[in-house]
Amino acid sequence: MARVFSGVQPTGNLHLGNYLGALTQFVELQEENECIYCVVDMHSITVPQDPKLLKEHIKDIAALYLAVGVDPKKSIVFAQSDVSGHAELGWILMCNAYTGELSRMTQFKQKAQGKESAPAGLFSYPVLMAADILLYDTDIVPVGNDQKQHIELTRDLAIRVNGKYGEDTFVVPDGRFLKEGARIMALDDPTSKMSKSAPNELSRISLLDDASKIKKAIMKSTTDSEGVIRFDIKEKPGVSNLLNIYSALSGKSVEDLVKSYEGQGYGNLKKDLVEVVVNAIAPIQERYNQIRQTQELVDILNDGAERANAIAEKTMARVKDHFGLGL
Ligand code: ATP
Ligand code: LTN
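An account of the accompanying structure is given in this report. (Residues numbered from 1 in each chain as written. Chains lettered and ligands numbered in written order. Predicted model: local features only at pLDDT ≥ 70, side-chain atom pairs only at ≥ 80, totals over all residues. Heavy atoms only, no water.)

Time to look at the site of ligand 2. In the neighbourhood of ligand 2, 13 residues make up the surrounding shell, with Gly7, Tyr125, Met129, Asp132 and Gln147 lying closest. Within the side chain of tyrosine 125, one N or O atom sits 2.7 Å away from a nitrogen atom of ligand 2. The side chain of aspartate 132 places a nitrogen or oxygen atom 2.6 Å from a nitrogen atom of ligand 2. Look at ligand 2: alone it shows 360 Å² of surface, and the protein chains cover 90% of it. Going through the elements one at a time, β1 (3-8) and α7 (120-134) are the ones with two or more residues in the shell around ligand 2. Broken down by element, the residue count for the shell around ligand 2 peaks at four residues, all from α7. (Near = heavy atom within 4 Å. Polar contact = N/O pair within 3.5 Å; in protein donor to acceptor, adjacent residues only side chain to side chain. Areas by Shrake-Rupley, 256 points an atom, 1.4 Å probe, with all protein chains shown as cover. Helix = DSSP H or I, 4+ residues; strand = E, 2+ residues; numbered from the N terminus.)

Time to look at the site of ligand 1. In the neighbourhood of ligand 1, 19 residues make up the surrounding shell, with Asp146, Ile184, Lys193, Ser195 and Lys196 lying closest. One of the backbone nitrogen or oxygen atoms of glutamine 9 is found 3.5 Å away from an oxygen atom of ligand 1. In the environment of ligand 1, an oxygen atom lies 2.7 Å from a nitrogen or oxygen atom belonging to the side chain of lysine 196. About the coverage of ligand 1: the protein hides 94% of its 600 Å² of free accessible area.

Next up on the list: the pairing of strand β2 (residues 34-39). Of all the six residues making up β2, five are buried; the element is thus mostly covered by neighbouring parts of the structure. Bridging between β1 and β2 involves six bridges; their strand directions are parallel. Each bridged residue has a counterpart across the sheet, and for phenylalanine 5 the counterpart in β2 is isoleucine 36. A crossover connection joins β1 to the parallel β2 through helix α1 (residues 16-29); in handedness this β-α-β unit is right-handed. Inspection of the sheet shows β2 paired to strand β3 (residues 76-79) by four bridges, in the parallel sense. By the bridge assignment, isoleucine 36 is partnered in β3 with isoleucine 76. (Buried < 20%, exposed > 50% of the residue type's maximum accessible area, 1.4 Å probe, protein only. Pairing = 2+ DSSP bridges. Right-handed = clockwise from strand over helix to strand, strands pointing away.)

Attention now moves to the packing of helix α3 (residues 51-68) against helix α13 (residues 295-323). The packing of two helices is summarised by the inter-axis angle and the distance between the axes. Here α3 crosses α13 at 90 degrees, and the two axes come no closer than 11 Å. Classified by the angle between their axes, α3 and α13 sit roughly perpendicular to one another. Side by side, α3 and α13 meet where Lys59, Ala62, Ala63 and Leu66 of the first sit next to Leu297, Val298, Ile300 and Leu301 of the second. Class assignment for the residues of the contact of α3 with α13 results in seven nonpolar, no polar and one charged. (Axes fitted to C-alpha atoms, helices over the stretch in contact; angles between N-to-C directions. Parallel < 35°, antiparallel > 145°, perpendicular 65-115°, else oblique. Contact = heavy atoms within 4.5 Å. Nonpolar A, V, L, I, M, F, W, Y, C, P; charged D, E, K, R; others polar.)

This is the structure in structure tokens:
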């Protein structure tokens, strides 16, 4: 059985991009692998967070994991800060990462853009991510395409350390990415990805949005003035994004959708998409509401942390031994 690890930041509710890009893979993978799904709360404090809200968001994300179908009997679900090995291994990796390679990370460049100074945590964010992954001897990391560069860095760090401290120090992981074109874009600006932290609420559809918000966001979404429904990411990013979302949630191929909307305007496509989205997320919301406020959720996270810690401790003992740390 392969070991799978992935994480999501508790920085807001999950949106369709997170769901289609990451969570659907989480659920698929748990059938045949040993899966560990983490709420990466320590990553989220690389930008300021309200402490009270952060605590709630950790449970929100955990409840959403379960609501989309992550099964705590099959997979480990826990909060990153409950396992101290992440920070510990993060430091060890930091001593083997170069400032040059970290300053080339596009996520860092984007988040620090225009600022005179940025928190060192934002700069070393990818190293903590590498620690998350390497701590569990992970084979496969299911993530969206935007994380490719961070996965490459994780592999580079593992290979570098193995070369210096012994080939059995780390398992070198592989990313599992969505196929190109399946990236979900912002509804108000289809040239940038749908994101939790974009200021415009109508740029995304959260998994917890009600029908009227979903309708508003889709009906107002940016398209183009050609008035022809066809798939062309370069020329028609808005319409292509709507077709992508429609296809992913309905199981119909983009080609079939394009055929069935031949001769129709964007209004019909948008109207039908509202229904598809509302129907797809209704059962997720129902399960979320059932579990979010329960002791069961807390128990699942505590049990997950215990199981994760048992694996992490073994890795830390091995890594410290290879580095000559401790007695
Ligand atoms: P933020 O906007 O705060 O950076 P985010 O919305 O990008 O957050 P993350 O927590 O960084 O979300 O990502 C969780 C997972 O969802 C990652 O695997 C990421 O690659 C994937 N993901 C995020 N946005 C999209 C998107 N628009 N399309 C497909 N996958 C996505
Ligand atoms: N950087 C990721 C979140 C993340 C992650 C991880 C994903 C942190 N640690 C480990 C996979 C494995 C993001 O922004 N989506």
